[in-house]
Amino acid sequence: MCYAIPGLVKGFDGKHAIVDYFGEEKKALSELLDLKAGDYVYAQGGFVITRVSAEEAGKTLETWKDLFFELKEIDQKASRLSPWGAARYDHVRGLMERALSGGKLTQAEILGLLNIADPREQEFLLSAANHIRQEHHSNSCCVHGIIEISNMCAEQCHYCGISAWNTKIPRYRLSKEEILSAVQGAVDGHGFKALVLQSGEDAGRSVDELADIIRAIKKRFGVLIFVSFGEVGEEGLEKLYAAGARGVLLRFETSNAELFKKLHPGSTLERRLAEIRKAHELGFLIVTGALVGLPGQTQQDVARDIELAGELNVEMLSLGPFLPHPATPLANIPAPDMADLIQTLAVARFALPAQVKILVTTGLETLSPDARRAGLMAGANSVMLNVTPVDKRPLYDIYPKRAHQDDPLAEQITATIALLESIGRAPTDLSVGAG
Ligand code: 5AD
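Model, not experiment: these values are computed from the prediction.

### Some points on the overall build of the protein chain
Step number 1: Of regular secondary structure, the protein chain possesses 15 helices and 15 strands.
Step number 2: Based on the C-alpha atoms only, the size of the protein chain along its principal axes is roughly 60 × 55 × 40 Å.
Step number 3: Relative to its full complement of 435 residues, the protein chain shows a buried share of 57%.
Step number 4: Here the protein chain displays about 17,200 Å² of accessible surface, and carbon together with sulfur accounts for 52% of that area.

Next comes the structure, spelled out in structure tokens:
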């Protein structure tokens with residue numbers, strides 16, 4: 001998924017291919033393939049990831065042709081601004097207009113939006129965020145897959161259920177063959193075009209081994225690979241890039257340096273940020289963000305989290321709730337409310353640059369079965385499905401009762417498509433970021 005629609009290569013602008021989708025042109029980096037005008041391709045995250053035959057492209061385009069425009073229309077209607085709210089909440093409307101014209105919000109303005117407590121003003125805020133999302137990204141919604149390749153972890157993050165705090169949980173590490181087989185199921189079986197490989201900081205598998213696995217994936221499958229193995233260092237990042245990975249998912253967790261240090265013994269925010277910055281410098285797409293609801297975290301910190309994500313050149317924001325895990329030092333801290341998280345996502349949509357995608361995290365979905373729809377209607381435009389073999393998922397126990405933990409992949413896909421169609425979204429990656 002990210003049921004990419006095939007695009008037709010029209011020409012080139014330097015290293016970028018100019019790709020046409022039903023008359024709209026996007027740019028995508030064609031570094032890994034030898035392309036020519038007239039080729040059909042799938043692009044993802046701004047990269048051309050694979051070529052498709054004209055015959056396959058023709059078939060897919062035929063099924064998409066009408067639906068593509070129908071969905072856009074449903075979305076457009078659903079994201080119209082309420083004139084009543086726009087007239088009444090001048091301040092929010094003003095900031096929305098600034099966001100729409102590419103202007104920045106100050107930290108005080110971000111904080112002001114986070115602090116809105118009047119239910120009707122909140123409602124307007126969410127619908128304005130949805131409006132901004134529609135203006136910038138049309139109806140595209142990324143649907144990426146995540147494969148949790150190992151739950152081994154040497155770190156002691158105070159919130160995390162697969163950290164070394166958890167001495168009870170059985171540990172696993174998928175073999176290279178098991179990973180390739182999961183990728184095959186996702187890519188060949190279900191059409192995924194972008195996958196995240198994630199694990200704890202697993203001291204038992206070197207970066208060279210990880211790079212070897214990525215090389216094997218890239219050799220066999222046309223898929224965009226994001227890596228999420230914690231901190232691997234500059235050399236590690238270079239090796240993963242050379243192997244063909246083009247995205248890094250690494251949250252900074254909190255922008256408050258003191259809180260970071262408290263929650264991550266032996267580590268610092270500075271080091272984490274240096275790693276994220278390095279990854280961007282190397283050309284990786286950056287997926288980053290923070291946990292919301294950490295003990296000692298203030299609204300000011302959350303405002304800064306949003307701002308910091310922007311400074312880190314985030315491509316996709318991953319902002320999720322803290323959820324207490326019984327085997328960790330934070331076992332007794334309550335989770336935040338879903339509504340607070342949705343409001344935070346909406347504010348992020350106001351504050352971050354136009355091209356940024358915003359993910360509805362599995363953590364947020366774990367707070368409520370309605371969270372995915374609510375997030376997508378409040379500025380978010382990305383979801384991630386769990387592609388880990390079903391028997392291993394309960395062991396990837398970062399927090400309890402993860403949403404969709406037991407749902408087979410085919411079911412997750414059916415439910416996702418049905419939800420997206422009901423709100424007029426297309427599971428494609430054709431937003432500004434891809435252009
Ligand atoms: N609650 C919510 N998110 C968590 N993570 C780890 N533990 C928890 C928890 N208890 C998140 C971290 C990490 C991501 C892989 O999982 O933010 O970056």
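From this point on, the discussion continues.
### What to know about the domain arrangement of the protein chain
Step number 1: Partitioning the protein chain into structural domains gives domain 1 (7-76) and domain 2 (136-422).
Step number 2: Between the C-alpha centres of domain 1 and domain 2 there is a distance of 27 Å.
Step number 3: Tallying the contact residues gives 14 residues for domain 1 and 17 residues for domain 2.
Step number 4: Interface area, domain 1 with domain 2, both sides summed: about 1,200 Å², of which 61% is carbon and sulfur.
Step number 5: There are zero salt bridges connecting domain 1 and domain 2.
Step number 6: At the boundary of domain 1 and domain 2, one finds one residue pair in polar contact (both at pLDDT 80 or more).

### What about the site of the ligand?
Step number 1: Taken together, Y159, C160, Q198, R251, E253, L291, P321, F322, L323, I398 and Y399 make up all the residues around the ligand.
Step number 2: A distance of 2.8 Å separates a nitrogen atom of the ligand from a polar backbone atom of Y159.
Step number 3: Between an oxygen atom of the ligand and a side-chain N or O atom of R251, the distance comes to 2.7 Å.
Step number 4: Considering the ligand on its own, with 400 Å² of exposed area, one finds that the protein chains cover 88% of that surface.

### A word on the nonpolar core
Step number 1: In terms of nonpolar packing, the biggest core is built from 108 residues, with L195, I217, L240 and F350 touching the most fellow members.
Step number 2: In terms of residues, this core owes the most to one element, helix α12 (residues 338-351), which gives eight residues.
Step number 3: Once you skip the residues sitting within four places of it in the chain, L240 turns out to touch V207, L210, A211, I214, V227, F229, V232, A245 and F284.
Step number 4: By size, the runner-up hydrophobic cluster in this structure holds 18 residues, among which are Y42, I49, A194 and L224.

### Notes on the pattern of salt bridges
Think of it this way: side chains of opposite charge can pair up when their charged atoms draw near.
Step number 1: Considering all chains together, one arrives at 28 salt bridges under this definition.
Step number 2: With its nearest N and O atoms 2.7 Å apart, the salt bridge here joins E231 to R272. Taken as a pair, E231 in the loop between β8 (224-228) and α8 (233-243) and R272 in helix α10 (residues 269-282) lie far apart in primary sequence, 41 residues in all. One exposure class covers both E231 and R272, and it is buried.
Step number 3: Residue E365 is joined to R372 by a salt bridge in which the shortest nitrogen-to-oxygen separation is 3.2 Å.
Step number 4: Salt bridges linked by common partners bring E231, E253, R271 and R272 together as one network.

### Re the sheet that holds strand β12 (residues 316-317)
Step number 1: One closed barrel holds the eight strands; their spatial order is β6-β7-β8-β9-β10-β12-β14-β15, and the pairing between them is parallel.
Step number 2: Both β12 and strand β14 (residues 357-360) contribute to a ladder of two bridges, which runs parallel. Paired with M316 across the two strands is K357, which belongs to β14.
Step number 3: Here α12 sits on the sheet in contact with β12 and β14, set at roughly 170° to β14.

### Thoughts on helix α3 (residues 90-100)
Step number 1: Of all the positions in α3, only V92, L95, M96 and A99 are classed as buried. Angular distribution of buried residues about the axis of α3 spans 105°; they occupy a single face of the element.
Step number 2: Two residues or fewer past α3, G102 is found with a positive phi of approximately 85°.

### What to know about the side chain of T288
Step number 1: Within the secondary structure, T288 sits in strand β10 (residues 285-288).
Step number 2: Of the residues examined, T288 reaches a relative accessible area of 0% and is grouped as buried.

Rules behind the numbers
- Residues numbered from 1 in each chain as written.
- Predicted model: local features only at pLDDT ≥ 70, side-chain atom pairs only at ≥ 80, totals over all residues.
- Heavy atoms only, no water.
- Helix = DSSP H or I, 4+ residues; strand = E, 2+ residues; numbered from the N terminus.
- Buried < 20%, exposed > 50% of the residue type's maximum accessible area, 1.4 Å probe, protein only.
- Areas by Shrake-Rupley, 256 points an atom, 1.4 Å probe, with all protein chains shown as cover.
- Domains from an automatic or database assignment.
- Contact = heavy atoms within 4.5 Å.
- Buried area = accessible area lost by both parts, 1.4 Å probe.
- Salt bridge = Lys/Arg side-chain N within 4 Å of Asp/Glu carboxyl O.
- Polar contact = N/O pair within 3.5 Å; in protein donor to acceptor, adjacent residues only side chain to side chain.
- Near = heavy atom within 4 Å.
- Core = buried A, V, L, I, M, F, W, Y, C linked by side-chain atoms within 4.5 Å.
- Pairing = 2+ DSSP bridges.
- Axes fitted to C-alpha atoms, helices over the stretch in contact; angles between N-to-C directions.
- Arc of directions from axis to C-beta.

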